[in-house]
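# Coordinate analysis (summary)
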Amino acid sequence: MTRKEIVIIHPRPSSIVAALYTLRDLNVDVAIMHGPPGCSFKHARLLEEDGIHVVTTGLEENSFVFGGHDRLVKLIKKSIELFNPKVIGVVGTCASMIIGEEMHEAVLEANPDIPVIEVEVHAGYPDNTKGVLYALKSALDAKIIDHKEFERQEYLLAKATDIEKRFGAASREYLAPSRGDIKYKVAKRVIQLIKEGKKGLIIMNAKKETGYMFADITLAVNEVAATLGIQKNLINMANIDTMLGLPRVRQHAEYIMRDLKAHGIEVHEIIGGMDEYPITGEKVSELVKDKYDDYDFAVITGVPHAIPMENIKHMELISITNGPRQVLPLKEMGHEHVLVEIDLHPKTLGVSKIVESEFGATLREIAKEA
Amino acid sequence: MKNQKIIAIYGKGGIGKSSTASNIAAACAEAGNKVMIIGCDPKSDSSITLLRGVRIPTILDLLREDMDVKEKNVVFEGYAGVKCVETGGPEPGIGCAGRGIIVAIQKLKSISGDLLKEQDLIIYDVPGDIVCGGFVAPVRKGFVNEAYIMTSGEYMPLYAANNICKGLSKIGMPLSGIICNSRNASREEEIVAKFAEEICSQLMTFIPKKSIVQDCEREGYSVMEKAPNSDIAEIYRKLGKAILENEKKNTSNSLSDKRLRELTK
Ligand SMILES: Nc1ncnc2c1ncn2[C@@H]1O[C@H](COP(=O)(O)OP(=O)(O)OP(=O)(O)O)[C@@H](O)[C@H]1O
Ligand code: SF4
Ligand SMILES: [Mg+2]
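As a starting point, this report considers the structure included with it. Here, residues in each chain are numbered from 1, in the same order as that chain's written sequence. Chain letters start at A and ligand numbers start at 1, both assigned in the order the entries are written. Local features in a predicted model are, by the rule used here, given only for residues with pLDDT of at least 70; side-chain atom pairs are given and counted only at 80 or more, and totals for whole chains, interfaces and linings are based on all residues. Water and hydrogen atoms play no part in the side-chain values, which are based on all heavy atoms of the structure.

## What to know about the overall build of chain A
Helix numbering and strand numbering both begin at the N terminus, where a helix is a DSSP run of H or I of at least 4 residues and a strand a DSSP run of E of at least 2. Helix and strand counts for chain A stand at 15 helices and ten strands. To get the radius of gyration, use the C-alpha atoms; to get the globule rule, take the number of residues to the power 0.38 and multiply by 2.2 Å. The C-alpha atoms of chain A give a radius of gyration of 22 Å, which matches the 21 Å a tight globule of 370 residues would have. Taking the principal axes of the C-alpha coordinates as reference, chain A spans close to 70 × 45 × 40 Å. Taking all 370 residues of chain A together, the buried fraction comes to 55%. In this analysis, two residues are considered to be in contact whenever any of their non-hydrogen atoms come within 4.5 Å of each other. Look at the contacts in chain A between residues 6 or more apart in sequence, and 71% of them connect residues 24 or more apart. Carbon and sulfur atoms make up 53% of the accessible area of chain A, which totals about 16,600 Å². Of the side chains in chain A, 45 bear a positive and 54 a negative charge, and the two mean positions are spaced by 4 Å. Three exposure classes are used, based on accessible area relative to the maximum for each residue type with a 1.4 Å probe and protein chains only: buried under 20%, partly exposed in between, and exposed over 50%. Working definition of accessibility: Shrake-Rupley area with a 1.4 Å probe, residue cover restricted to the visible protein chains. Lys and Arg are tallied as positive, Asp and Glu as negative. Neither His nor the chain termini are counted. To locate a charge, take atom NZ for lysine, CZ for arginine, CG for aspartate or CD for glutamate.

Below, the structure written as C-alpha cells:
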C-alpha cells in the first residue's frame, strides 16, 4: 500500500470538461451533460464554437432529491429531434454521480437508434485525464474507436499525466499564475539572435488544436528571418504528423501543414502527431544530439516542459506556453525566456487555419521597425 | 459460462437479512460451493459472524486513507472458505454513504474481477432502508441477477416488503422469492405465503425464530459453525440449496394498501 501524492490547491481543468473535449475529438454531434445548469458552462460554450452541440439536463434542487432520470430521457429524445445527430455523448457530473444516477437506464429507455457514448465522470479526480480515459473507454465499448487506438491513447495519457506531475501545473502544491516575460523584449532578443547569424531550432510541440496559434510563432520567426535574409539558420520541428491520432486531430495537422507550406515554410523534422505532445520530447532530444547539437537557441512552443533539458540546456531557450501556471516550472527548468499566450485556447476552437499569436504579431512589428 | 448466482436480499431494517445471509453463505460453502458475501452497509456487520466476531478493514476504510487498495487488503476468508468483503462507509451523519457504496463496489470490481467471476454464489447484503440511489447500485449497475425479499408476518415488515416490490419492478429487477423470517406473529406462515402468491412470487422457506441464532451471534459465530446440528442449521442448508437451484424469476406485483391490511387481519 502506498500513500498518494501532494495536495494541489490551485484550481485546474476538470475531468468533466476533459470528457467533453474528448467527445468533440470523437466527432460526437451532441454532448448531453447530466448535471446542474451552470456546470462547465464556460467550456460548454466554447465547444459550441467548435461545432458540437452541448446541452444540459439542468438538474436543480428537486432533481438532487428525487433523481433526474426522466429529465435525461426527455433530453436524449429532444436532442435527437433538434440536432439529428449521428453520434451522441452523455456525460455525468458530480451532482448526478453522487446521487447514483444510472445514465445507462435513461439511454435504454430513450432507446435512440444511434450510438451513444456514456461517460460516467465527475469533477472529483485529481488528474483530469481521467475524464479523457473514461470517454475513450466508452467509445471503445460503443465500437467508435478500436483497441489499438485506445491503447495508444491510454499510453499517451499516462505520459501526459506524468509530465504534468513532474514539470507541469501538477508539480507543486501551489503555483501562482503569471503572464511571463514581456513579449516586446523577448521578440527583440530573438531578432537579435537571428541577426547575429545564430542558429536556431523552432520547435512546435502543441496539444491538438492549440497548434493553430503556436504554428503562427513558427511562421513569424521564419518570416522575420526571411526578411533579414538568413532563414537557412533555422530548423523547424513540429508535431504535425497527419497520419496519427483521431480523425479530427489529423485534420488539424493537415490544415497547419497546408498553411505552413503555403507560406513556403519547410518543416524539417516531424516529431509526432498532434496528440503526441507528451512523448515527442525523447525524439526531439535525440534529433538534437545527433544533428543539431551546435545550435545556439531554441524557440519552443506548446508544451515546452515535455522536452527533456539534457540536450538543450546549453542553448538559449525561449518558451511560449498557454498556461499561466507553467511559467514558474519552466523558469526553474532553465528556460531563460518564458512567454504566455493568454487566452490562446478559445481562439483556436472552431478554426481551420493558423491564427495570429501575440508573440508572432510582436515579432513582425519589431522586424518592420528594424 | 457457469450459472452464477448473484443475489441481494432486501427487507425491512432488522428483519434478519445479514444473519440469514451469512448462514446461507456458510451452508452453501460447506456444501462445496465458492461463496462470497459483500456487505454493502456502512454498519459493516454482514460478515462478522463468519469471522469469529472480528471486524475486517472495509474498502472505504482504505480508500479514506488514500491507500492503494489491493484484493488481499479487503477480501478475507471466513468460515468454510466464504470470501468476506465489507464496503464500509462514512461516520453516520457525515458525507454520502450512498456514493460510498458505488465507489466501493466499483473498486472491488476493478481489483477482484477474476475472483468475482469464479464464485458460484455472491450475496450482496444491503441495509434495510434503501435511502438513496447508492444503495441500489449493486442491482442497478447490473451486478446482481436475483433479488429476494425477507419479511415476517407482521404488518410493518410486510408493508416494507410490498414497497420493495414496487421499487424492484420500477427498476426492472425481477423477484426470485420471499423468505419468511419468523417473529412469532400469529398465522405467520399462512400470511406470508398468501402475500407471496398475490405478488406472483413464491415463498422460499419459513425460518422459525430461535434464540440459538442470537446466542451464536453473541459469541461471534454463525449458526452453521457453532450449532451445525440444530434444526435451524438444517433450514439454512435447505434454503441455500433452494436458492442455488432456483430458476424462477418474476416481475413482482405489489398490493394496494387496502389489500395488504386485509391480508394481515
Ligand atoms: N430466525 C431468527 N431467530 C432469532 N433471531 C434472529 C433470527 N434471524 C435474525 N435474528 C436476529 O435479529 C437481529 C437482526 O438481524 P440482522 O442484523 O441480520 O438484520 P438485518 O435485516 O440485516 O438488519 P439491517 O436492516 O439493519 O441490516 C440479529 O440480532 C439476529 O441475530
Ligand atoms: S461541482 Fe461538479 S457538478 Fe457542480 S458545477 Fe462543479 S463540476 Fe459541475
Ligand atoms: Mg444487515
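## Quick look at the interface of chain B and chain A
Opposite the 13 residues of chain B that make contact, chain A presents twelve residues. When chain B packs against chain A, close to 1,300 Å² is buried across both sides, 44% of that on carbon and sulfur atoms. By convention in these notes, a salt bridge is any Lys or Arg side-chain nitrogen within 4 Å of a carboxyl oxygen on Asp or Glu. For Lys 141 of chain B, the salt bridge is made with Glu 120 of chain A, and the minimal N-O distance between the two is 3.4 Å. For the purposes of these results, a polar contact is taken to be a pair of N or O atoms within 3.5 Å, where, inside protein, one atom must be able to donate a hydrogen and its partner to accept one; residues adjacent in sequence count only when each atom of the pair is a side-chain atom. Here chain B and chain A share five residue pairs in polar contact (both at pLDDT 80 or more) between them. Looking at the side of chain B that touches chain A element by element, the count peaks at three residues for helix α4 (residues 97–111) of chain B. Defined here as a combined quantity, buried area equals the accessible surface (1.4 Å probe) lost by two parts on assembly, summed across both.

## Let's talk about the pattern of salt bridges
One side chain can pair with another of opposite charge once the charged atoms of both are near each other. Residues and elements named next belong to chain A. On inspection of all chains with the given rule, the structure shows 47 salt bridges over all chains. A salt bridge links Asp 25 to Lys 208; the shortest N-O distance between them is 2.9 Å. Of the two residues, Asp 25 sits in helix α1 (residues 15–25) while Lys 208 sits in the loop between β5 (200–205) and α10 (211–227), which places them 183 residues apart along the sequence. Judged on exposure class, the residue Asp 25 and its partner Lys 208 are both buried. In this structure, the salt-bridge partner of Glu 356 is Arg 364, at a minimum N-O distance of 3.9 Å. On the accessibility criterion, Glu 356 (54% relative accessible area) is exposed.

## Some remarks on the nonpolar core
To qualify as a nonpolar core, a set must consist of buried Ala, Val, Leu, Ile, Met, Phe, Trp, Tyr and Cys residues joined through side-chain atoms within 4.5 Å. Residues Tyr 10, Ile 38, Tyr 124 and Phe 195 of chain B are the most contacted members of the largest nonpolar core, which totals 49 residues. Examining the composition of this core, we find that six residues originate from one element, helix α7 (residues 155–170) of chain B, more than from any other. Setting aside chain neighbours within four positions, we find Tyr 124 of chain B in contact with Ile 6, Ile 7, Ala 8, Ile 9, Ile 38, Cys 40, Ile 105, Pro 138, Phe 143 and Val 144 of chain B. Counting 43 residues, the second-largest nonpolar core is a separate cluster that includes Ile 202, Leu 219, Ile 230 and Leu 234 of chain A.

## Focus on the site of ligand 1
Residues and elements named next belong to chain B. The rule for a residue being near a molecule or strand is that one of its heavy atoms must lie within 4 Å of it. Around ligand 1 sit 19 residues, and of these Lys 17, Ser 18, Ser 19, Gln 214 and Glu 217 come closest. The side chain of Lys 43 places a nitrogen or oxygen atom 2.9 Å from an oxygen atom of ligand 1. Burial of ligand 1 by the surrounding chains reaches 84%, relative to a free accessible area of 640 Å². If you list the elements that add at least two residues to the shell around ligand 1, you get α1 (17–30) and α9 (211–218).

## Focus on the sheet that holds strand β2 (residues 53–56) of chain A
Residue and element names in this part refer to chain A. Reading across from one edge, β2-β1-β3-β4 is the order of the four strands in this open sheet, with parallel pairing throughout. Pairing within the sheet leaves two strands with one partner each, and these edge strands are β2 and β4 (116–119). Taking each pair of neighbouring strands and ignoring which way they run, the sheet shows an average axis angle of 20 degrees. Sheet topology note: the strand β3 (residues 88–92)/β4 ladder contains four bridges and is parallel. Two strands make a pair as long as DSSP finds a minimum of two bridges between them. Helix axes are fitted only over the stretch in contact, all axes being lines through C-alpha atoms; the angle between N-to-C directions runs from 0 to 180 degrees.

## Quick word on a nonpolar patch on the surface
Residues and elements named next belong to chain A. Residues qualify for a patch when their relative accessible area is over 30% and they have no salt bridge, like charges being joined within 9 Å and the nonpolar side chains of Val, Leu, Ile, Met, Phe, Trp and Tyr within 5 Å. A cluster of nonpolar side chains, contributed by Val 7, Ile 9 and Tyr 174, occupies part of the molecular surface with about 340 Å² of accessible area. Mapped onto the secondary structure, Tyr 174 falls in the loop between α8 (147–167) and α9 (183–195). The exposure class assigned to Tyr 174 is partly exposed, which follows from its relative accessible area of 46%.

## Section: the pairing of strand β9 (residues 316–321) of chain A
Residues and elements named next belong to chain A. Within β9, six of the six residues are buried, leaving the element largely enclosed by the surrounding structure. With burial as the criterion, each face of β9 is covered, one bearing Glu 316, Ile 318 and Ile 320 and the other bearing Leu 317, Ser 319 and Thr 321. For strand β8 (residues 297–302) and β9, the ladder comprises five bridges, and the chain directions are parallel. Paired with Phe 297 across the two strands is Glu 316, which belongs to β9. Across four bridges, the pairing between β9 and strand β10 (residues 337–340) is parallel. Across the sheet, the residue bridging to Thr 321 is Val 340, located in β10. For the crossover that starts at β9, traverses helix α13 (residues 327–333) and ends in the parallel β10, the hand is right-handed. If you view a crossover with the strands going away from you and the path from the first strand over the helix to the second runs clockwise, you call it right-handed.

So yeah, pure geometry; function would need other evidence.
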